[in-house]
Amino acid sequence: GDKPLVYLDNAATTQKPRQVIEAISSYYEQDNANVHRGIYELSRRSTRDFEAARERVARWIGAPDATEVIWTRGTTEALNLVASSWGMEFLKEGDEILLTEQDHHSNLVPWQLVARRTGAVLRYVSIDEEGRLELESLDALLTARTRVVAISHVSNALGTVNPVKEIVERAHAVGAIAVVDGAQGAPHLTVDVVDQGCDFYAFSSHKLCGPTGVGVLWGRRELLEAMPPYQGGGEMILEVEKEGSTWAALPHKFEAGTPNVAGAVGTAAALDYLEALGRDAILAHERDLSAYCIERLSELPGVRIFGPAEVMDRSGVVPFNLEWAHPHDVATILDTEGVAIRAGHHCAQLVMKRYCVSATNRASFYVYNTRDEVDRMIDALRVVQGIFG
Ligand code: PMP
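Everything quoted here is computed from the prediction, not taken from an experiment.

(A) Structural view of the overall build of the protein chain. Counting secondary structure elements, the protein chain contains 13 helices and 15 strands. A compact globule built from 389 residues should have a C-alpha radius of gyration of about 21 Å, and the protein chain, at 22 Å, falls within 12% of that. Expressed as lengths along the three principal axes of its C-alpha atoms, the size of the protein chain is roughly 70 × 55 × 35 Å. The 389 residues of the protein chain split such that 56% are buried. Counting contacts in the protein chain only where the partners sit at least 6 residues apart, residues at least 24 apart contribute 71% of the total. Taken as a whole, the protein chain presents about 16000 Å² of accessible surface, with 52% of it coming from carbon and sulfur. Seen as two clouds, the 37 positive and the 54 negative side-chain charges of the protein chain have centres 3 Å apart.

(B) Just unusual backbone geometry, in detail. Leu250 connects to Pro251 through a cis peptide bond whose omega is 0°. Note on placement: Pro251 falls in the loop between strand S10 (245–247) and helix H9 (261–277). The backbone phi angle of Cys209 is positive, close to 75°, even though this residue is not glycine. Structurally, Cys209 can be placed in the loop between strand S7 (200–204) and strand S8 (215–219). Judged by relative accessible area, Cys209 falls into the buried class, the value being 0%.

(C) A look at the nonpolar core. Core analysis: the biggest nonpolar cluster contains 61 residues, and Tyr201, Phe203 and Leu208 have the highest contact counts within it. Ranked by the residues each element gives to this core, the list is headed by H9, at 9 residues. The residues touching Tyr201, leaving out its near neighbours within four places in the chain, are His153, Val180, Gly182, Gly185, Ala186, Val191, Val193, Gln196, Val216, Leu217 and Trp218. In terms of nonpolar packing, the next biggest core, distinct from the first, is built from 28 residues, Leu8, Val339, Ala363 and Leu381 among them.

(D) Highlighting empty space enclosed by the protein. If you walk through the whole model with that rule in mind, you get 1 cavity of 30 Å³ or more. Considered as a void within the structure, the largest cavity measures approximately 30 Å³ in volume. Ala157, Leu158, Phe306, Pro319, Val351, Met352, Tyr355, Val357 and Thr360 are the residues that line the largest cavity. When its residues are assigned to classes, the lining of the largest cavity shows 8 nonpolar, 1 polar and no charged.

(E) Geometry of the sheet that holds strand S11 (residues 303–305). What the 4 strands build is an open sheet, ordered S11-S12-S15-S14; its pairing is antiparallel. Every interior strand has two partners, whereas the edge strands, S11 and strand S14 (342–344), have only one. For this sheet, the mean inter-axis angle between neighbouring strands, taken without regard to orientation, is 30°. Note that S14 and strand S15 (residues 360–364) share 3 bridges and pair antiparallel. Among the inter-strand pairings, Arg342 is bridged to a residue of S15, identified as Arg362.

(F) Spatial organisation of the sheet that holds S8. Taken in spatial order, the 7 strands of this open sheet run S2-S8-S7-S6-S5-S3-S4, and their pairing is mixed. A single partner strand is all that each edge strand has here, and the edge strands are strand S2 (69–72) and strand S4 (121–125). The average undirected angle you get between the axes of adjacent strands in this sheet is 20°. With respect to the sheet, helix H3 (residues 75–90) is in contact with S2, strand S5 (146–152), strand S6 (177–181), S7 and S8, its orientation differing from that of S7 by roughly 150°. In the packing of helix H6 (residues 164–173) onto the sheet, the strands contacted are S5 and S6, and the crossing angle to S5 comes to about 170°.

(G) Summary view of the pattern of salt bridges. What the rule picks out here adds up to 29 salt bridges. Across the salt bridge formed by Asp375 and Arg296, the nearest N and O atoms sit 2.8 Å from each other. Within this pair, whereas Asp375 is found in helix H13 (residues 371–388), its partner Arg296 is found in helix H10 (residues 279–297), the two being separated by 79 residues in sequence. Residue classification places Arg296 among the buried residues on the basis of a relative accessible area of 15%. Taken together, the salt bridges that share partners define one network made up of Asp31, Glu41, Arg44 and Arg45.

(H) Focus on helix H11 (residues 327–336). Along H11, the positions that sit buried rather than exposed are Pro327, Val330, Ala331, Ile333 and Leu334. All buried residues of H11 lie within an arc of 165° about the axis, which places them on one face of the element. Turned more than 90 degrees off the buried face of H11, the exposed positions are Asp335 and Thr336. Structurally, H11 contributes buried residues whose contacts are with strand S12 (317–322), strand S13 (339–340), S14, S15 and H13. Where H11 terminates, the next one or two residues include Gly338, which has phi positive at roughly 85°.

Conventions used here
Residues numbered from 1 in each chain as written. Predicted model: local features only at pLDDT ≥ 70, side-chain atom pairs only at ≥ 80, totals over all residues. Heavy atoms only, no water. Helix = DSSP H or I, 4+ residues; strand = E, 2+ residues; numbered from the N terminus. Rg over C-alpha atoms; globule rule 2.2 N^0.38 Å. Buried < 20%, exposed > 50% of the residue type's maximum accessible area, 1.4 Å probe, protein only. Contact = heavy atoms within 4.5 Å. Areas by Shrake-Rupley, 256 points an atom, 1.4 Å probe, with all protein chains shown as cover. Lys, Arg positive; Asp, Glu negative; His and termini not counted. Charge placed at Lys NZ, Arg CZ, Asp CG, Glu CD. Core = buried A, V, L, I, M, F, W, Y, C linked by side-chain atoms within 4.5 Å. 1 Å grid on protein atoms, 1.4 Å probe; cavity = no way out; pocket = protein on both sides within 12 Å on 5 of 7 lines; lining within 4 Å. Points joined across faces, edges and corners; volume = space filled by probe spheres on them. Nonpolar A, V, L, I, M, F, W, Y, C, P; charged D, E, K, R; others polar. Pairing = 2+ DSSP bridges. Axes fitted to C-alpha atoms, helices over the stretch in contact; angles between N-to-C directions. Salt bridge = Lys/Arg side-chain N within 4 Å of Asp/Glu carboxyl O. Arc of directions from axis to C-beta.

Next up, the structure:
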């Protein structure tokens, strides 16, 4: 279109700073070779960059040891890895998996699949009017049969920041492991997996200014070592015999095949970029935009805002509906005004069902967004109001 773009769909994916794009092209121009194989200089350089990126990620999430950091295609693959490898090995009939109504499909469906195959039973923590997990119900839901609790650090459909540390402690108290979907956590909050106490933490690079197709699973060493490989292939073996094979040490046991080296390099560049901005400053900026957005949305008639009223309990995600226009119409008209927001179920259909809506609008902010852009969205919503209101 002819209108300058206002990009407010950062919970879906973020735009890429020049530093990230340059790190990726410079890798391909100067250092590209396969990793962990070559005995020549170029492969050594590629391997060095790839492993340095792993160390960079470890620092980002406070992981004590980079060999506990596994490269994946993204959050989805990381969570499937845990559900499939840990779940198929350790879950049996009658065991309970505790999920939440708040979660993204990628933290629900892998557990549903493994439940079907193992006979494990699914339980759900419900959410209250403001999109907070109903922790009072945890007493009843956490039992001696609970083997795994899977939650999100931050809800992509509501923006709620969950009290992960408390939930992890309570999961551990009944002997369950805690799996945290950090897709909306790692880009926006300071993450320290040791302090949080979780057993697994997953996130995607593309939601923190990095490239698509790459992400991370961090896992506790004892658990990763006890788990069987997720996929078989090159890189992940120690010795292959006709009847079977033995596995490489961590992290390579979980990294079958040629990895996304350029993706890892781009991820490290993205983390450097964000670190230079300062994580507290990023979160403060997002919360400022959320508060301003909520304030300005409230000027409109018939607006319903989802998620916690207290802005300190949310990140930079503002879901809302207008009584007088369907979310898909809203987003379509906003698009003609140059404003990109999301409308839909946000891969969280249980959230939609909880609030009896088929879809919501969602504005989501990141480091480069401004209050002026929020104003542009409000102006565009006035155009929608002129048509439907
Ligand atoms: N969990 C949450 C909370 C998310 O927001 C997303 C991305 N929308 C995912 C998981 C899945 O991430 P990806 O598509 O990058 O695997």
